[in-house]
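Coordinates in review
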Amino acid sequence: MTMTLVEGGPATLEAREVSAWFGDHLVLDRVSLTMPAGRVTALIGPSGCGKSTFLRTLNRMHELVGGAKLAGEVLLDERDVYAPDRRVTDARRHIGMVFQKPNPFPAMSVYDNVLAGLRLTGTRVSRRAKDALVEECLSKAGLWREVSGRLRQPGGALSGGQQQRLCIARALAVRPRVLLMDEPCSALDPTSTRRIEETIAELAAEVTVVIVTHNMQQAARVSHQCAFFLAEQGRPGVIVEHGGTEEMFSRPRDPRTLDYVNGRFG
Ligand SMILES: Nc1ncnc2c1ncn2[C@@H]1O[C@H](COP(=O)(O)OP(=O)(O)OP(=O)(O)O)[C@@H](O)[C@H]1O
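These numbers come from a predicted model, not from an experiment. Every chain is numbered on its own, with residues counted from 1 as its sequence reads. A pLDDT threshold of at least 70 governs which residues receive local features in this predicted model, and a stricter bar of 80 or more applies before side-chain atom pairs are shown or counted, although totals over entire chains, interfaces and linings include all residues.

1. Quick word on the overall build of the protein chain
Here is the rule: Segments assigned H or I by DSSP are reported as helices when at least four residues long, segments assigned E as strands when at least two residues long, and all are numbered from the N terminus. The quantity called the radius of gyration is restricted to C-alpha atoms. Its globule counterpart is 2.2 Å times the number of residues to the power 0.38. Buried residues are those with 20 or more other C-beta atoms within 10 Å of their own C-beta, exposed residues have 12 or fewer, and partly exposed residues lie in between; C-beta atoms are placed from the backbone.
Regarding its fold elements, the protein chain presents 10 helices and 10 strands. The C-alpha radius of gyration computed for the protein chain amounts to 18 Å, which stays within 12% of the reference 18 Å derived for 266 residues, consistent with globular compactness. Expressed along its principal axes, the backbone C-alpha trace of the protein chain runs to roughly 55 × 45 × 30 Å. The buried share among the 266 residues of the protein chain stands at 43%.

2. A few points about the site of the ligand
For clarity, the threshold we go by: The C-beta atom of each residue is placed using the backbone, and any residue whose C-beta lies within 6 Å of a molecule or strand is treated as near it. We call Asp, Glu, Lys and Arg charged. Ala, Val, Leu, Ile, Met, Phe, Trp, Tyr, Cys and Pro are nonpolar, and the rest, Gly among them, are polar.
Every residue lining the ligand is accounted for by Phe22, Val27, Gly45, Ser47, Gly48, Cys49, Gly50, Lys51, Ser52, Thr53 and Val65. Residues belonging to the shell around the ligand are distributed by class as follows: 4 nonpolar, 6 polar and 1 charged.

3. Things to note about the packing of helix 6 (residues 160-172) against helix 7 (residues 190-203)
Here is the rule we go by: Angles run from 0 to 180 degrees between N-to-C directions of axes, and those axes are lines fitted to C-alpha atoms, restricted for helices to the stretch in contact. Angle categories: roughly parallel below 35 degrees, roughly antiparallel above 145, roughly perpendicular from 65 to 115, and oblique for all the rest. Put simply, a crossing is left-handed when the front helix is turned counterclockwise from the back one by less than a right angle, and right-handed when it is turned clockwise. We call two residues in contact when their backbone-placed C-beta atoms lie within 7 Å.
Across the interface, helix 6 lies against helix 7 with an axial gap of 9 Å and an inter-helix angle of 20°. Classified by the interaxial angle, the pair formed by helix 6 and helix 7 is roughly parallel. The way helix 6 lies across helix 7 gives a crossing that is right-handed. Between helix 6 and helix 7, the contacting residues are Gly160, Gly161, Gln164, Arg165 and Ile168 on the first element and Ser192, Arg195, Ile196 and Thr199 on the second. Of the residues that constitute the contact of helix 6 with helix 7, the class distribution is 2 nonpolar, 5 polar and 2 charged.

4. Quick word on the sheet that holds strand 2 (residues 25-35)
The cut-off we apply is this: By definition, two strands form a pair when at least two bridges between them are found by DSSP.
Taken in spatial order, the 4 strands make up an open sheet running 2-1-4-5, and their pairing is antiparallel. Strands at the two margins of the open sheet, each flanked by one partner only, are strand 2 and strand 5 (79-80). As judged from the 7 bridges shared by strand 1 (residues 13-22) and strand 2, these two strands associate in the antiparallel manner. Across the sheet, Val18 pairs through a bridge with Val31, a residue of strand 2. On the sheet, helix 1 (residues 51-58) packs against strand 1, strand 2 and strand 4 (68-76) and is oriented at approximately 120° with respect to strand 1.

5. Considering the UniProt feature "domain: ABC transporter" (unreviewed entry) in the protein chain
To be explicit about the condition: UniProt positions are given in the numbering used here, feature names are shortened, and annotations may be inferred rather than shown by experiment.
Mapped onto the present numbering, the UniProt feature "domain: ABC transporter" (unreviewed entry) falls on residues 13-261. Along residues 13-261 one finds 37% helix and 26% strand; the C-alpha atoms at either end are 25 Å apart.

6. Considering the nonpolar core
Inclusion rule: Think of a nonpolar core as buried Ala, Val, Leu, Ile, Met, Phe, Trp, Tyr and Cys residues, each tied to the set through C-beta atoms within 7 Å.
Residues Ala169 and Val210 are the most contacted members of the largest nonpolar core, which totals 70 residues. Per-element tally for this core: the top contributor is helix 6, with 6 residues.

7. Notes on helix 7
Let me state the cut-off plainly: One less than the number of residues in a helix, times 1.5 Å, gives the span that helix is expected to have. The arc in question is the one spanned by the directions pointing from the helix axis to the C-beta atoms.
End to end, helix 7 covers 20 Å across 14 residues, agreeing with the expected 20 Å (1.5 Å per residue, within 8%). Buried within helix 7 are the following residues: Arg195, Ile196, Thr199, Ile200 and Leu203. Seen end-on, helix 7 carries its buried residues on one side only, within an arc spanning 140°. Across from the buried face of helix 7, at angles greater than 90 degrees, the exposed residues are Pro190 and Thr191. Packing partners of the buried residues in helix 7 comprise strand 3 (40-44), helix 4 (127-140), helix 6, strand 7 (178-182), strand 8 (208-212) and helix 8 (216-222).

8. Topic: the sheet that holds strand 3
Within the open sheet, the 6 strands sit side by side as 6-7-8-3-9-10. Their pairing is mixed. Only two strands of the sheet have a single partner each, and these edge strands are strand 6 (95-98) and strand 10 (238-244). Neighbouring strand axes in the sheet, compared pairwise and without regard to direction, differ in orientation by 20° on average. Pairing of strand 9 (residues 225-230) with strand 10 involves 6 bridges; the strand directions are antiparallel. Directly across from Phe228, in strand 10, lies its bridge partner Glu241. Docked against the sheet, helix 6 engages strand 6 and strand 7, running at close to 170° with respect to strand 6.

Here it is, written out as structure tokens:
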């Protein structure tokens, strides 16, 4: 049976009073944030303040950790991704993720890497549709021109930056409505970083992007809005302030935000 791929388009993601625990350790305390459709939201803040944990609550990856708990709601276009009738695989298909370290399947071809997510979701498509999808996703990830002649080579043979763009292409192939990126450039050289940033800018029109970054220039370059997380003196992480990126960098309301974006701590 051949199914057509479900078309999505960017969705608004809204976290309402999200708290997260590892065992008894509360690491996020009632965090609320709206990540608007088709925009890039950057999560910034010092190490250990809960940015990655927050990101993982958004597509139900937090619950994969033994002993992890969560309270609050995450709404994808107003529907709770944690609703009892909502399948966890649906949440993860609609809300894709790209990790800090590029993680393509190293022995699998570039072509098959792009399509790997379709297998996991059980989506079957014709050969011609697969070819078109591979080209489309690699193009959107800014990689097509570099790899169009080596689609049968293993994913592990690409450079680190190319591998990360391959992971972006793989995430796009299941047509997510939101793409979560956890420090996607931290393992990459400046040229590859620039390519990924260009890719993010191009993607924003069709997928909502939420990116964790320690690089303030990167946050300023790629995001439309920022949320500043902080966990003070052993307390759980909270959002101190969020708003338009330009405003957050030039005239934030909270002095701690100003200190952080100017590199005075963290
Ligand atoms: N798997 C885990 N088990 C137990 N505690 C964890 C786990 N993952 C994270 N934590 C704790 O949760 C808190 C938030 O960590 P998290 O990784 O979300 O912060 P972060 O802001 O993303 O940090 P960084 O910028 O260094 O990646 C920290 O105190 C961390 O030690």
